[in-house]
Amino acid sequence: MYRLLAVLFCWLSTQGPALSADPLARAALQSQGTLYAGQQILVDVDVLVPNYFLQSPQFPAIDIPGAIVTLDDGRALNLNETIDGTPYSGIRRTYIIVPQAAGDFTLPPVPITLGYAAVPPQATRGEVTLPPLRFTVRSAPGTAGDSPGIVAAKVSVSQELDQDPAQLKAGDTLVRTVTVRAEGLRAMMIPEADFTAPQGVRLYRQDPSLSEETDRNGQSIAGLRKDVASYLFQDAGNYALPAVTVSWFDPASAKTQSATAPAVSVTVSAAAALPLLLRPPRRSRNAMPSTGCTWL
(Lines give C-alpha, C1' and ligand atoms only; values in the text may rest on other atoms or scores of the structure.)
Protein backbone atom coordinates (compact mmCIF):
# COMPACT_ATOMS: atom_id res chain seq x y z
CA MET A 1 0.00 0.00 0.00
CA TYR A 2 2.72 2.45 0.95
CA ARG A 3 4.57 1.63 -2.26
CA LEU A 4 1.40 2.27 -4.31
CA LEU A 5 0.83 5.64 -2.62
CA ALA A 6 4.45 6.60 -3.25
CA VAL A 7 4.13 5.75 -6.95
CA LEU A 8 0.88 7.73 -7.18
CA PHE A 9 2.48 10.72 -5.47
CA CYS A 10 5.42 10.65 -7.88
CA TRP A 11 3.07 10.47 -10.86
CA LEU A 12 1.02 13.43 -9.65
CA SER A 13 4.15 15.45 -8.98
CA THR A 14 5.37 14.88 -12.53
CA GLN A 15 1.98 15.76 -14.01
CA GLY A 16 1.42 18.80 -11.85
CA PRO A 17 3.56 21.33 -13.75
CA ALA A 18 1.98 20.44 -17.11
CA LEU A 19 -1.54 20.78 -15.68
CA SER A 20 -0.87 24.03 -13.82
CA ALA A 21 1.35 25.71 -16.42
CA ASP A 22 -0.16 28.72 -18.16
CA PRO A 23 0.50 30.36 -21.53
CA LEU A 24 2.96 33.21 -21.48
CA ALA A 25 4.18 36.06 -23.67
CA ARG A 26 7.52 37.84 -23.84
CA ALA A 27 8.98 40.65 -25.93
CA ALA A 28 12.56 41.51 -26.82
CA LEU A 29 14.31 44.12 -28.94
CA GLN A 30 15.85 42.59 -32.03
CA SER A 31 17.43 45.94 -32.95
CA GLN A 32 20.58 46.58 -30.94
CA GLY A 33 22.65 49.64 -30.06
CA THR A 34 21.46 53.25 -29.92
CA LEU A 35 17.98 53.70 -31.40
CA TYR A 36 17.06 56.76 -33.47
CA ALA A 37 13.91 58.48 -34.62
CA GLY A 38 13.04 57.29 -38.11
CA GLN A 39 14.83 53.98 -37.59
CA GLN A 40 13.04 50.72 -38.23
CA ILE A 41 13.04 49.09 -34.77
CA LEU A 42 12.26 45.37 -34.65
CA VAL A 43 10.54 43.87 -31.61
CA ASP A 44 10.14 40.08 -31.36
CA VAL A 45 7.05 38.88 -29.52
CA ASP A 46 6.90 35.23 -28.43
CA VAL A 47 3.70 33.48 -27.37
CA LEU A 48 4.24 30.10 -25.69
CA VAL A 49 1.79 27.46 -24.48
CA PRO A 50 2.27 24.17 -22.60
CA ASN A 51 2.02 21.16 -24.89
CA TYR A 52 0.88 22.51 -28.28
CA PHE A 53 -1.35 25.03 -30.09
CA LEU A 54 -4.84 24.18 -31.27
CA GLN A 55 -5.47 27.71 -32.55
CA SER A 56 -2.74 30.12 -33.66
CA PRO A 57 -2.35 33.23 -31.51
CA GLN A 58 -4.03 36.31 -32.94
CA PHE A 59 -1.35 38.99 -32.93
CA PRO A 60 -3.24 42.31 -32.89
CA ALA A 61 -2.48 45.62 -34.50
CA ILE A 62 -0.99 47.89 -31.84
CA ASP A 63 -0.96 51.65 -31.52
CA ILE A 64 1.98 53.53 -30.03
CA PRO A 65 1.62 57.34 -29.95
CA GLY A 66 4.32 59.04 -32.03
CA ALA A 67 5.27 55.90 -33.95
CA ILE A 68 4.20 53.91 -37.00
CA VAL A 69 3.72 50.24 -36.09
CA THR A 70 3.22 47.32 -38.48
CA LEU A 71 3.33 43.55 -38.06
CA ASP A 72 5.99 41.98 -40.28
CA ASP A 73 4.18 39.88 -42.87
CA GLY A 74 7.00 37.32 -43.07
CA ARG A 75 6.54 33.76 -41.92
CA ALA A 76 6.17 33.12 -38.18
CA LEU A 77 8.99 31.33 -36.35
CA ASN A 78 8.05 28.15 -34.49
CA LEU A 79 9.61 27.59 -31.05
CA ASN A 80 10.04 24.57 -28.80
CA GLU A 81 11.31 25.06 -25.25
CA THR A 82 11.25 23.45 -21.83
CA ILE A 83 10.50 25.87 -19.00
CA ASP A 84 10.70 24.61 -15.40
CA GLY A 85 10.38 21.07 -16.67
CA THR A 86 7.30 21.76 -18.81
CA PRO A 87 7.51 21.45 -22.61
CA TYR A 88 6.26 24.56 -24.40
CA SER A 89 5.41 25.27 -28.03
CA GLY A 90 5.76 28.84 -29.21
CA ILE A 91 5.22 31.19 -32.13
CA ARG A 92 7.30 34.32 -32.73
CA ARG A 93 6.15 37.32 -34.74
CA THR A 94 7.99 40.59 -35.27
CA TYR A 95 6.57 44.09 -34.93
CA ILE A 96 8.19 46.91 -36.91
CA ILE A 97 8.16 50.21 -35.04
CA VAL A 98 9.29 53.47 -36.64
CA PRO A 99 9.30 56.34 -34.09
CA GLN A 100 8.70 59.75 -35.63
CA ALA A 101 10.47 61.69 -32.88
CA ALA A 102 12.86 61.15 -29.98
CA GLY A 103 11.47 59.98 -26.64
CA ASP A 104 10.52 56.98 -24.52
CA PHE A 105 8.20 54.32 -25.93
CA THR A 106 6.34 51.40 -24.33
CA LEU A 107 4.44 48.49 -25.84
CA PRO A 108 0.76 48.73 -24.91
CA PRO A 109 -0.77 45.89 -22.80
CA VAL A 110 -2.98 44.50 -25.56
CA PRO A 111 -4.40 40.95 -25.29
CA ILE A 112 -3.40 38.07 -27.58
CA THR A 113 -5.95 35.25 -27.78
CA LEU A 114 -5.12 31.64 -28.60
CA GLY A 115 -6.19 28.02 -28.24
CA TYR A 116 -4.04 25.22 -26.84
CA ALA A 117 -4.09 21.72 -25.41
CA ALA A 118 -3.86 22.28 -21.67
CA VAL A 119 -4.81 18.65 -21.09
CA PRO A 120 -4.41 16.86 -24.45
CA PRO A 121 -6.45 16.45 -26.48
CA GLN A 122 -8.85 18.84 -24.75
CA ALA A 123 -8.94 22.34 -26.26
CA THR A 124 -8.54 25.31 -23.95
CA ARG A 125 -9.02 28.94 -24.86
CA GLY A 126 -6.27 31.20 -23.53
CA GLU A 127 -5.17 34.79 -23.50
CA VAL A 128 -1.88 36.51 -22.78
CA THR A 129 -0.98 40.18 -22.56
CA LEU A 130 1.73 41.91 -24.55
CA PRO A 131 4.58 42.66 -22.10
CA PRO A 132 5.29 46.38 -21.47
CA LEU A 133 8.68 46.50 -23.20
CA ARG A 134 10.24 49.96 -22.93
CA PHE A 135 12.90 51.58 -25.10
CA THR A 136 14.36 55.05 -25.63
CA VAL A 137 14.87 56.76 -28.99
CA ARG A 138 17.26 59.61 -29.80
CA SER A 139 17.16 62.20 -32.57
CA ALA A 140 19.27 61.37 -35.60
CA PRO A 141 21.93 64.02 -36.36
CA GLY A 142 21.05 66.30 -39.22
CA THR A 143 17.28 66.09 -38.77
CA ALA A 144 15.06 68.92 -37.71
CA GLY A 145 11.84 68.91 -35.71
CA ASP A 146 9.63 65.87 -36.08
CA SER A 147 10.94 64.90 -39.53
CA PRO A 148 13.41 62.04 -38.98
CA GLY A 149 14.49 61.73 -42.63
CA ILE A 150 15.89 58.41 -43.81
CA VAL A 151 17.50 56.20 -41.17
CA ALA A 152 18.74 53.00 -42.76
CA ALA A 153 21.71 50.64 -42.96
CA LYS A 154 22.42 51.47 -46.61
CA VAL A 155 20.73 53.45 -49.37
CA SER A 156 21.40 53.28 -53.12
CA VAL A 157 19.89 55.33 -55.96
CA SER A 158 19.70 54.32 -59.62
CA GLN A 159 17.95 55.72 -62.67
CA GLU A 160 16.77 54.61 -66.11
CA LEU A 161 15.85 56.61 -69.22
CA ASP A 162 13.46 55.32 -71.86
CA GLN A 163 15.55 56.73 -74.75
CA ASP A 164 18.80 58.47 -75.66
CA PRO A 165 18.60 62.02 -74.19
CA ALA A 166 20.91 63.32 -76.95
CA GLN A 167 18.58 62.25 -79.76
CA LEU A 168 15.36 64.09 -78.90
CA LYS A 169 13.32 66.39 -81.12
CA ALA A 170 11.02 69.22 -80.13
CA GLY A 171 7.76 67.76 -78.90
CA ASP A 172 9.36 64.54 -77.58
CA THR A 173 8.95 63.20 -74.03
CA LEU A 174 11.76 61.67 -71.96
CA VAL A 175 10.73 59.26 -69.19
CA ARG A 176 13.06 59.11 -66.17
CA THR A 177 12.71 56.36 -63.54
CA VAL A 178 14.56 56.76 -60.24
CA THR A 179 14.74 53.77 -57.87
CA VAL A 180 15.72 54.15 -54.20
CA ARG A 181 16.70 50.99 -52.30
CA ALA A 182 16.96 51.29 -48.50
CA GLU A 183 18.24 48.38 -46.42
CA GLY A 184 16.51 48.04 -43.06
CA LEU A 185 13.62 50.33 -43.99
CA ARG A 186 10.16 49.61 -45.38
CA ALA A 187 9.31 51.07 -48.78
CA MET A 188 6.48 53.19 -47.40
CA MET A 189 8.99 55.10 -45.25
CA ILE A 190 11.15 56.19 -48.22
CA PRO A 191 10.34 59.79 -49.22
CA GLU A 192 9.59 60.69 -52.84
CA ALA A 193 12.43 61.61 -55.17
CA ASP A 194 12.94 65.36 -55.67
CA PHE A 195 12.33 65.92 -59.39
CA THR A 196 12.68 69.41 -60.85
CA ALA A 197 12.43 70.53 -64.47
CA PRO A 198 14.40 73.21 -66.34
CA GLN A 199 12.56 76.32 -67.48
CA GLY A 200 10.47 75.66 -70.54
CA VAL A 201 10.13 71.93 -69.82
CA ARG A 202 6.89 70.40 -68.57
CA LEU A 203 7.15 67.81 -65.81
CA TYR A 204 4.57 65.07 -65.21
CA ARG A 205 4.83 62.64 -62.28
CA GLN A 206 3.31 59.19 -61.94
CA ASP A 207 2.22 57.42 -58.78
CA PRO A 208 5.21 55.69 -57.09
CA SER A 209 5.72 51.93 -57.07
CA LEU A 210 6.51 50.45 -53.64
CA SER A 211 7.81 46.93 -53.04
CA GLU A 212 9.82 44.90 -50.53
CA GLU A 213 12.95 42.82 -51.07
CA THR A 214 12.56 39.79 -48.79
CA ASP A 215 14.58 36.82 -47.57
CA ARG A 216 13.53 33.18 -47.87
CA ASN A 217 11.32 33.54 -44.79
CA GLY A 218 9.43 36.43 -46.32
CA GLN A 219 10.91 39.02 -43.97
CA SER A 220 11.78 42.39 -45.47
CA ILE A 221 15.43 43.08 -46.20
CA ALA A 222 15.11 46.37 -48.04
CA GLY A 223 12.42 48.71 -49.26
CA LEU A 224 12.24 49.67 -52.93
CA ARG A 225 10.60 52.84 -54.21
CA LYS A 226 10.34 53.73 -57.90
CA ASP A 227 9.40 57.25 -58.94
CA VAL A 228 8.67 57.98 -62.59
CA ALA A 229 8.76 61.45 -64.18
CA SER A 230 8.06 62.45 -67.79
CA TYR A 231 9.70 65.56 -69.25
CA LEU A 232 8.06 67.20 -72.27
CA PHE A 233 10.46 69.28 -74.40
CA GLN A 234 8.50 71.70 -76.56
CA ASP A 235 11.45 73.68 -77.94
CA ALA A 236 14.85 72.81 -79.35
CA GLY A 237 17.88 73.46 -77.16
CA ASN A 238 20.23 72.01 -74.55
CA TYR A 239 18.85 71.14 -71.14
CA ALA A 240 20.12 69.67 -67.85
CA LEU A 241 17.90 67.57 -65.62
CA PRO A 242 19.18 68.03 -62.03
CA ALA A 243 20.72 65.13 -60.11
CA VAL A 244 18.55 63.33 -57.55
CA THR A 245 20.37 63.02 -54.20
CA VAL A 246 19.17 61.08 -51.17
CA SER A 247 20.85 61.52 -47.78
CA TRP A 248 20.50 59.02 -44.97
CA PHE A 249 21.74 58.36 -41.46
CA ASP A 250 23.35 54.99 -40.67
CA PRO A 251 22.62 54.01 -37.02
CA ALA A 252 25.49 51.49 -36.92
CA SER A 253 28.20 53.99 -37.87
CA ALA A 254 26.33 57.08 -36.58
CA LYS A 255 27.25 58.84 -39.83
CA THR A 256 25.24 60.68 -42.46
CA GLN A 257 25.85 59.57 -46.03
CA SER A 258 24.33 60.25 -49.45
CA ALA A 259 23.67 58.54 -52.76
CA THR A 260 23.00 60.26 -56.09
CA ALA A 261 21.45 59.58 -59.46
CA PRO A 262 23.54 61.83 -61.76
CA ALA A 263 22.24 64.79 -63.72
CA VAL A 264 21.08 64.15 -67.28
CA SER A 265 22.20 66.27 -70.26
CA VAL A 266 19.50 66.55 -72.89
CA THR A 267 19.88 67.76 -76.48
CA VAL A 268 16.71 68.60 -78.36
CA SER A 269 16.79 69.37 -82.08
CA ALA A 270 14.11 71.17 -84.07
CA ALA A 271 11.24 69.02 -85.24
CA ALA A 272 11.37 68.02 -88.91
CA ALA A 273 9.30 70.23 -91.22
CA LEU A 274 6.11 68.65 -92.47
CA PRO A 275 6.27 67.78 -96.24
CA LEU A 276 4.05 69.80 -98.60
CA LEU A 277 1.09 67.83 -99.88
CA LEU A 278 0.78 67.77 -103.72
CA ARG A 279 -2.68 68.68 -104.94
CA PRO A 280 -4.14 67.32 -108.22
CA PRO A 281 -4.45 69.88 -111.05
CA ARG A 282 -7.67 71.81 -111.04
CA ARG A 283 -10.10 70.88 -113.83
CA SER A 284 -11.17 73.64 -116.22
CA ARG A 285 -14.81 74.58 -116.06
CA ASN A 286 -15.07 74.36 -119.90
CA ALA A 287 -13.45 70.96 -120.21
CA MET A 288 -15.70 68.25 -121.50
CA PRO A 289 -16.05 65.16 -119.38
CA SER A 290 -14.34 62.08 -120.69
CA THR A 291 -16.68 59.45 -122.14
CA GLY A 292 -14.12 56.73 -122.56
CA CYS A 293 -14.62 56.83 -126.37
CA THR A 294 -12.08 57.56 -129.14
CA TRP A 295 -13.17 60.01 -131.85
CA LEU A 296 -11.89 59.41 -135.36
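Residues numbered from 1 in each chain as written. Predicted model: local features only at pLDDT ≥ 70, side-chain atom pairs only at ≥ 80, totals over all residues. Heavy atoms only, no water.

**Regarding the overall build of the protein chain**
Of the regular secondary structure elements, the protein chain holds one helix and 20 strands. Per-residue burial for the protein chain yields a buried fraction of 36% across its 296 residues. Look at the contacts in the protein chain between residues 6 or more apart in sequence, and 71% of them connect residues 24 or more apart. (Helix = DSSP H or I, 4+ residues; strand = E, 2+ residues; numbered from the N terminus. Buried < 20%, exposed > 50% of the residue type's maximum accessible area, 1.4 Å probe, protein only. Contact = heavy atoms within 4.5 Å.)

**Description of the environment of Asp 194**
Mapped onto the elements of the fold, Asp 194 is located in the loop between strand S13 (173-183) and strand S14 (201-205). Along the primary structure Asp 194 and Val 178 are separated by 16 residues, whereas in three dimensions their C-alpha atoms are 9.9 Å apart.

**A few points about the nonpolar core**
One recurring pattern in soluble globular proteins is that nonpolar side chains are buried together. Core analysis: the biggest nonpolar cluster contains 31 residues, and Ile 150, Val 155, Phe 233 and Val 266 have the highest contact counts within it. Broken down by element, the residue count for this core peaks at four residues, all from S13. In terms of nonpolar packing, the next biggest core, distinct from the first, is built from 28 residues, Ile 62, Ala 118, Leu 130 and Phe 135 among them. (Core = buried A, V, L, I, M, F, W, Y, C linked by side-chain atoms within 4.5 Å.)

**Focus: the sheet that holds strand S12 (residues 168-169)**
Ordered in space as S12-S20-S17, the three strands form an open sheet in which the pairing is mixed. Strand pairing shows two members of the sheet lacking a second neighbour, S12 and strand S17 (237-241), which therefore form its edges. Sheet topology note: the S12/strand S20 (residues 264-269) ladder contains two bridges and is parallel. Its bridge partner being in S20, Leu 168 is matched across the sheet by Val 268. (Pairing = 2+ DSSP bridges.)

**Here's the deal with the environment of Gly 90**
Examined against the element boundaries, Gly 90 turns out to sit in strand S6 (residues 86-99). Considered as a pair, Gly 90 and Asn 78 are twelve residues apart in the sequence and their alpha carbons are 5.8 Å apart. When neighbours within four sequence positions are excluded, Gly 90 is seen to be in contact with Val 47, Leu 48, Phe 53, Leu 77, Asn 78 and Leu 79.

**Description of the side chain of Ser 230**
Here Ser 230 is to be found in strand S16 (residues 220-233). Apart from the residues lying within four places of it in its own chain, the contact partners of Ser 230 are Thr 173, Leu 174, Val 175, Arg 202, Leu 203, Tyr 204 and Gln 206.

**Let's talk about the pattern of salt bridges**
With the rule as written, the count across this model stands at nine salt bridges. Between Asp 46 and Arg 26 there is a salt bridge, with the nearest N and O atoms lying 2.9 Å from each other. Placement of Asp 46 in strand S2 (residues 41-50) and of Arg 26 in strand S1 (residues 24-29) is noted, with a sequence separation of 20 residues between them. For Glu 192, the salt bridge is made with Arg 205, and the minimal N-O distance between the two is 3.9 Å. A residue pair is termed long-range when its members are at least 10 positions apart, and Glu 192 in the loop between S13 and S14 and Arg 205 in strand S14 qualify at 13 residues. The exposure class of Arg 205 is partly exposed, given its relative accessible area of 37%. Through salt bridges with shared partners, a single ionic network connects Arg 26, Asp 46, Glu 81 and Arg 92. (Salt bridge = Lys/Arg side-chain N within 4 Å of Asp/Glu carboxyl O.)

**Some points on unusual backbone geometry**
That bond from Pro 120 to Pro 121 is cis: its omega, 0°, falls within 30 degrees of zero. Along the chain, Pro 121 turns up in the loop between strand S8 (111-119) and strand S9 (122-129). The phi dihedral of Asn 51 is positive, around 70°, even though this residue is not glycine. Take Asn 51: it is sitting in the loop between S2 and strand S3 (53-55). You will see that Asp 84, though not glycine, has its phi angle at about 55°, which is positive.

**Side note on the sheet that holds S9**
Pairing within the open sheet is antiparallel, and its three strands lie in the order S3-S8-S9. This sheet does not close on itself; its edge strands, each paired only once, are S3 and S9. This sheet shows a mean twist of 45° between the axes of neighbouring strands, independent of strand direction. Taken together, the two bridges between S3 and S8 define a ladder with antiparallel strand orientation. Across the sheet, Gln 55 pairs through a bridge with Gly 115, a residue of S8. (Axes fitted to C-alpha atoms, helices over the stretch in contact; angles between N-to-C directions.)

Geometry only, nothing functional implied.
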